[in-house]
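# Summary of the model geometry
Each chain is listed here by its residues.
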Amino acid sequence: MANTNAFSLLSDDIKAKLTTLNISTPTPVQNQVIPVIAEGKNLLFESETGTGKTYAYLLPLINKLEQDEDKTKLRIIVLAPTFELASQINSAAKAITARKTALLIGGAPIKRQIEVLKEKPQIIIGTAARLTELIRLKKLKAQDLFAAVFDECDRLVKKESVEDTQNFQICLPKTAQIIACSATINKQCRIYFAGMDNVIIPKENILKERITHWAIYAETRDKIDTLRKLLAAEKPGKALIFTSRADQVENIYNKLTYKKIECAALHAKADKQARKAAFDRFRSGKLTILITSDLAARGLDIPDITHIIQMDLPSDEDFFIHRSGRTARAGKNGINVVIGDAFEMRHYAALEKKLGIKVYPKQIINGKVCAPIIDE
């Protein structure tokens, strides 16, 4: 299939919708995955961030769905680990089909979701615990499903999530096609989804080839002031700021807004509507600075992010890869900055060697980002 265009398997209607989205050629992962899913095979696939995984599974599944004359039965469920990713997948589905979709996530009023289910959506995107709850309440009927997708599957099978994922999977009909994908598939993931076809797209070295990595040293107490100076010096077109702790998201937000820097905060504990409003403003470009925790932002496809700024270095290198991969998408270049203390700089040096990236030490002097001045 490597030399063919997988979009040739799609209906003219779907291809027309792709044209309106300025999508004319499949990405490598789409070219390899679409034919396998179209054949109805169970599939586990891995591809770097920003390579088009969402449409790799949505296109063949929706193509099959639209051949079904019955528009009243639930046919496709996509499981996602976060509200933001689920919302993004829902938007992607709506862009290529008129069939009804629904977003069903935990933390939202279940009575309203039950009302939505009365409209008989054929595609549901949601989180495991809420979907399982609705199935057990007999409000969501899964017996007519032909496919279930586990997006960001490495997150879904982590220790804190795997029980919810298992409870959901038990509710699926044995005939359902199972598809799982992520940018980083680990051993735990391979064990959980054992016995499925595998597609691993060779890395394009986006992390190495299209992202410039900077290291800026700062003691913990000075990090936010260093961030403020960096933003003033770089004036980023669109900057996504990461911190591991949800409470630190609010702290950074409060200190930046006190300095009259317009920004928004996005973290897992925030109100869903507030999170959606912040995300939508950032995605549309109305807002250029968004502060987030890892749980809120992983897997998001936000266009034109110029700078990733990491206010700490995650202990899990997969989180570093996912954070960095929010920039340099769709063939563009980007800058990834780690603002770290002495311990984090040592960890960063180890990551530099392990991941084969080049890290450039930087300082902010007289309002400009420059190489450190080395005393003779």
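Just above, that's the structure.
Read on for a plain summary of the structure. (Residues numbered from 1 in each chain as written. Predicted model: local features only at pLDDT ≥ 70, side-chain atom pairs only at ≥ 80, totals over all residues. Heavy atoms only, no water.)

### Here we look at the environment of Ala349
What counts here: Secondary structure elements follow DSSP: runs of H or I of four or more residues count as helices, runs of E of two or more count as strands, with numbering from the N terminus. Using a 1.4 Å probe on the protein chains alone, a residue whose accessible area is under 20% of its type maximum counts as buried, one over 50% counts as exposed, and one in between counts as partly exposed.
Among the structural elements, Ala349 can be located in helix 16 (residues 342-355). On the basis of relative accessible area, Ala349 is assigned to the partly exposed category, the value being 41%.

### Description of unusual backbone geometry
In the Ramachandran plot, Asn22 falls in the positive-phi region, its phi being about 60° despite a non-glycine side chain. The topology assignment puts Asn22 in the loop between helix 1 (12-20) and helix 2 (28-38).

### What about the nonpolar core?
Rule in force here: Residues enter a nonpolar core if they are buried and are Ala, Val, Leu, Ile, Met, Phe, Trp, Tyr or Cys, with the set joined through side-chain atoms within 4.5 Å. By definition, residues are in contact when any of their heavy atoms lie within 4.5 Å.
Val33, Phe45, Tyr57, Leu58, Leu59, Leu61 and Ile89 are the most contacted members of the largest nonpolar core, which has 53 residues in total. Broken down by element, this core gets its largest block of residues, eight residues, from helix 3 (residues 53-65). The residues touching Leu58, leaving out its near neighbours within four places in the chain, are Ile89, Ala92, Ala93 and Ile96.

### Here we look at the sheet that holds strand 10 (residues 264-266)
As a general point, the strands of a sheet are linked pairwise by backbone hydrogen bonds and lie either parallel or antiparallel. Definition in use: Only strands joined by at least two bridges in the DSSP assignment are considered to pair. Note on geometry: axes are lines fitted to C-alpha atoms, helical ones only across the stretch in contact, with angles between N-to-C directions running from 0 to 180 degrees.
Read from one edge to the other, the open sheet built from eight strands follows the order 10-11-9-12-13-8-14-15, with strand pairing classed as mixed. Looking at which strands have only one partner, the edges of the open sheet turn out to be strand 10 and strand 15 (368-370). Neighbour-to-neighbour, the strand axes of this sheet turn through a mean angle of 25°, independent of strand direction. Both strand 9 (residues 239-242) and strand 12 (residues 307-310) contribute to a ladder of four bridges, which runs parallel. Opposite Ile241, over in strand 12, you have Ile309 as the bridge partner. The strands touched by helix 15 (residues 317-324) are strand 8 (211-217), strand 9, strand 12 and strand 13 (334-340); relative to strand 12, the strand with the most contacts, the crossing angle is about 150°.

### Notes on helix 4 (residues 83-96)
What counts, and what does not: One less than the residue count of a helix, multiplied by 1.5 Å, gives the span that helix is expected to have.
Its 14 residues give helix 4 an end-to-end C-alpha distance of 21 Å, which sits within 8% of 20 Å, the value for a rise of 1.5 Å per residue. Taking burial as the measure, the 14 residues of helix 4 include 11 buried ones, the bulk of the element. Taken residue by residue, helix 4 has Phe83, Glu84, Leu85, Ala86, Ser87, Gln88, Ile89, Asn90, Ala92, Ala93 and Ile96 as its buried positions.

### Considerations on the packing of helix 4 against helix 13 (residues 272-284)
The condition that has to hold: To sort the angles, those under 35 degrees are grouped as roughly parallel, those over 145 as roughly antiparallel, those from 65 to 115 as roughly perpendicular, and the leftovers as oblique. Working rule for handedness: look at the near helix, and if it is turned counterclockwise from the far one by less than a right angle, call the crossing left-handed; if clockwise, right-handed. Residues are grouped as follows: Ala, Val, Leu, Ile, Met, Phe, Trp, Tyr, Cys and Pro are nonpolar; Asp, Glu, Lys and Arg are charged; all remaining types, including Gly, are polar.
Between helix 4 and helix 13, the shortest axis-to-axis distance is 11 Å and the interhelical angle comes to 60°. Taken together, the axes of helix 4 and helix 13 lie oblique to each other. Once helix 4 is placed against helix 13, the crossing between them reads as right-handed. Counted together, Phe83, Glu84 and Gln88 of helix 4 and Lys272, Arg275, Lys276, Phe279 and Arg283 of helix 13 form the full contact between these two elements. When grouped by side-chain class, the residues that make up the contact of helix 4 with helix 13 number two nonpolar, one polar and five charged.

### A short note on the pairing of strand 9
Burial of strand 9 is two-sided: the residues Ala239 and Ile241 facing one way and the residues Leu240 and Phe242 facing the other way are all buried. Two strands pair when backbone bridges link them, and strand 9 and strand 11 (residues 289-292) are joined in this way by four bridges, in the parallel orientation. Looking across to strand 11, one finds that Ile241 is bridged to Ile291.

### Digging into the packing of aromatic side chains
One pair of aromatic rings is described through two measures. These are the centre distance and the angle between the planes. Definition in use: Pairing of aromatic side chains requires ring centres within 6.5 Å, counting the rings of Phe and Tyr and the six-membered ring of Trp. Pairs whose planes differ by under 30 degrees are stacked, by over 60 edge-to-face, and all others tilted.
Within this structure, the stated rule accounts for four aromatic pairs. Pairing Phe150 with Phe193 gives two aromatic rings, centres 5.3 Å apart and planes at 65°, and the pair type is edge-to-face. Residue Phe150 is found in strand 5 (residues 147-151), and its partner Phe193 is found in the loop between helix 9 (187-192) and strand 7 (197-200); the two are separated by 43 residues along the sequence. With respect to class, Phe150 is no different from Phe193; both count as buried.

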